[in-house]
Amino acid sequence: MIAQHLEAKLPSAKRRFKSAGLYSPLILALGGCSGIQSALDPSGEESYAIAQLFWVMAAGGLLIWLSVVAVLLHGLRQKRSSVSEQDASRLIFWGGAVFPAVTLISLLGYALWLMPSLRPFIDAGEPALRIEVTGKQYWWRVVYHPPGREPVVSANEIRLPVGERVELTLKSDDVIHSFWIPALGGKMDMIPGRDNRLSLLAAKPGTFRGSCAEYCGTSHALMAFVAVATPSRDFAAWLAARAAPSPGVAGEGAELFIRHGCGACHAVAGTGARGALGPDLSHLGSRETLGAGILPNTKENIARFIADPDKIKPGVQMPAFGMLPSDDIGAIATWLKGLE
Ligand code: CUA
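Let us look at the structure shown here.

The rules behind the values
Residues numbered from 1 in each chain as written. Predicted model: local features only at pLDDT ≥ 70, side-chain atom pairs only at ≥ 80, totals over all residues. Heavy atoms only, no water. Helix = DSSP H or I, 4+ residues; strand = E, 2+ residues; numbered from the N terminus. Buried < 20%, exposed > 50% of the residue type's maximum accessible area, 1.4 Å probe, protein only. Contact = heavy atoms within 4.5 Å. Areas by Shrake-Rupley, 256 points an atom, 1.4 Å probe, with all protein chains shown as cover. Core = buried A, V, L, I, M, F, W, Y, C linked by side-chain atoms within 4.5 Å. Pairing = 2+ DSSP bridges. Expected span 1.5 Å × (residues − 1). Salt bridge = Lys/Arg side-chain N within 4 Å of Asp/Glu carboxyl O. Axes fitted to C-alpha atoms, helices over the stretch in contact; angles between N-to-C directions. Parallel < 35°, antiparallel > 145°, perpendicular 65-115°, else oblique. Left-handed = near helix turned anticlockwise from the far one by under 90°. Nonpolar A, V, L, I, M, F, W, Y, C, P; charged D, E, K, R; others polar.

### Re the overall build of the protein
Looking only at helices and strands, one finds 9 helices and 12 strands in the protein. Within the protein, buried positions represent 43% of all 340 residues. A sequence separation of at least 24 residues applies to 62% of the contacts in the protein between residues at least 6 apart. Accessible surface, the protein: about 18500 Å² in total, of which carbon and sulfur atoms supply 64%.

Shown next as structure tokens:
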């Protein structure tokens, strides 16, 4: 879904831009309110509260602006005449001190009242799905910890069961990143040496886009991910399938993958590849995107990434493997795409 979105986005945006003419700023502004990465198109319990807070604040700001404009127009229409000192003082007291203080304190009070519901924590003893997400330059390690079962390692895609509260433990090994799925909740920094907790509840199924929201290096803008909320039963089936090696794991590609040293950095369950420096590729073929949310997941893009990752994602730590025979790169890409 995200892959199609990535492909479809450019031409349709161009068409819209051409036909929109004079209205384009308005259309662009309103277009930003919906979509897979918008806090104003909420699909989670926390994001509903955040969107509500935004609209209350925006309405408050609009009312204040309208009253200031009204006072200004009224002032411009008045004939110039001297105003008594007492009237002037009264206007300044009510309009310049009491009104802004009452309005701003009420808005602040409303925001503070809303805050606890934006950070609901799961008690330590309560069995709940915990997902550990570690920010890397420039991708995401994702480890699912289902209660009472072995952890499942993945990368660059987060799946959530609809209607269940999930707790995320957010970490970083290198620099500060920030984890954000605008459609589901607020953002939270990932700070080296610290575990931050964020809990999310997806209210309806959907595929959303998350991104890194803190500048973390050259490819910060290319550090995204896909978040998929599915009904609980589908989620359980998905997680169970991820706990075992991919059915497509045996093949010529596996042998080439090991021979060319890919297993030093990447792990693929069911093979000898157990590297932990790069993303786990055990079920790469079933992910929606490649390179942490930036490319549609196709065989051709996998091959491009292997040959020259720095061209696709500047500053990436993976070395280029363009010197490998192109048949070998093709075979590895085909094998990886088959790991569903
Ligand atoms: Cu990671 Cu910006």
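### Things to note about the nonpolar core
A general feature of soluble globular proteins is that nonpolar side chains tend to end up buried together. Grouped together as the largest cluster of nonpolar side chains are 36 residues, with contacts concentrated most on I131, V133, W140, Y144, I158 and F179. Counting residues in each nonpolar core, the second largest holds 26 residues, with L290, F321, W335 and L336 among its members.

### A look at the pairing of strand β5 (residues 165-172)
The buried fraction of β5 is high, at 6 of 8 residues. With 6 bridges joining them, strand β1 (residues 130-136) and β5 adopt parallel strand pairing. Each residue of the ladder has a partner; that of R130, found in β5, is E167. Pairing of β5 with strand β8 (residues 196-201) involves 6 bridges; the strand directions are antiparallel.

### Regarding helix α9 (residues 326-337)
Along an α-helix, residues three or four positions apart point the same way, because every turn accommodates 3.6 residues. Helix length check: α9 (12 residues) gives 16 Å between terminal C-alpha atoms against 16 Å at 1.5 Å per residue, within 8%. Turning to α9, its buried residues are D328, I329, A331, I332, A333, W335 and L336.

### A look at the environment of A240
Residue position: A240 is located in helix α5 (residues 232-242). Of the residues examined, A240 reaches a relative accessible area of 44% and is grouped as partly exposed. When the C-alpha atoms of A240 and V152 are compared, they prove to be 9.0 Å apart, with 88 residues separating the residues in sequence.

### Some points on the pattern of salt bridges
Charged atoms that come close allow side chains of opposite charge to pair. Scanning the model with the defined rule gives 11 salt bridges in all. Put simply, D87 and R90 hold a salt bridge, and the shortest N to O gap is 3.7 Å. Note that D87 and R90 are positioned in helix α4 (residues 85-118) at a spacing of 3 residues, about one turn of the helix. Accessibility expressed as a relative area gives 39% for D87, which makes it partly exposed. One salt bridge connects K311 with D308, and the closest N-O pair in it is separated by 3.5 Å. Exposure remark for K311: the relative accessible area of 70% places this residue in the exposed category. A residue is classified by how much of its surface remains accessible, and D308, at 29% relative accessible area, is partly exposed.

### Notes on the sheet that holds strand β2 (residues 139-145)
Strand order in the open sheet formed by 5 strands is β3-β2-β1-β5-β8, and the pairing between neighbours is mixed. Each edge of the sheet is formed by a strand with only one pairing partner; in this case those strands are β3 (152-155) and β8. Along the sheet, successive strands turn relative to each other by an average axial angle of 25°, direction set aside. One ladder, built from 7 bridges, connects β1 with β2; its direction is antiparallel. Bridge assignment links T134 to a residue of β2, and that residue is R141. Sheet contacts for helix α3 (residues 45-77): β5 and β8; angle to β8, the most-contacted strand, approximately 90°.

### A closer look at the packing of helix α6 (residues 252-259) against α9
Contact geometry of α6 with α9 gives a least axis separation of 8 Å together with a crossing angle of 120°. Comparing the axis directions of α6 and α9 gives the class oblique. In this structure, α6 crosses over α9, and the sense of that crossing is left-handed. Packed against α6, whose contacting residues are E252, G253, A254, L256 and F257, the element α9 presents D328, A331, I332, W335 and L336 at the interface. Taken together, the residues of the contact of α6 with α9 sort by class into 7 nonpolar, 1 polar and 2 charged.

### Things to note about the sheet that holds strand β9 (residues 206-212)
Strand order in this open sheet of 5 strands is β4-β10-β9-β6-β7, and the pairing throughout is mixed. In this open sheet, the two strands that pair with only one neighbour each are β4 (157-161) and β7 (188-190). For this sheet, the mean inter-axis angle between neighbouring strands, taken without regard to orientation, is 25°. Sheet topology note: the β9/strand β10 (residues 224-230) ladder contains 6 bridges and is antiparallel.

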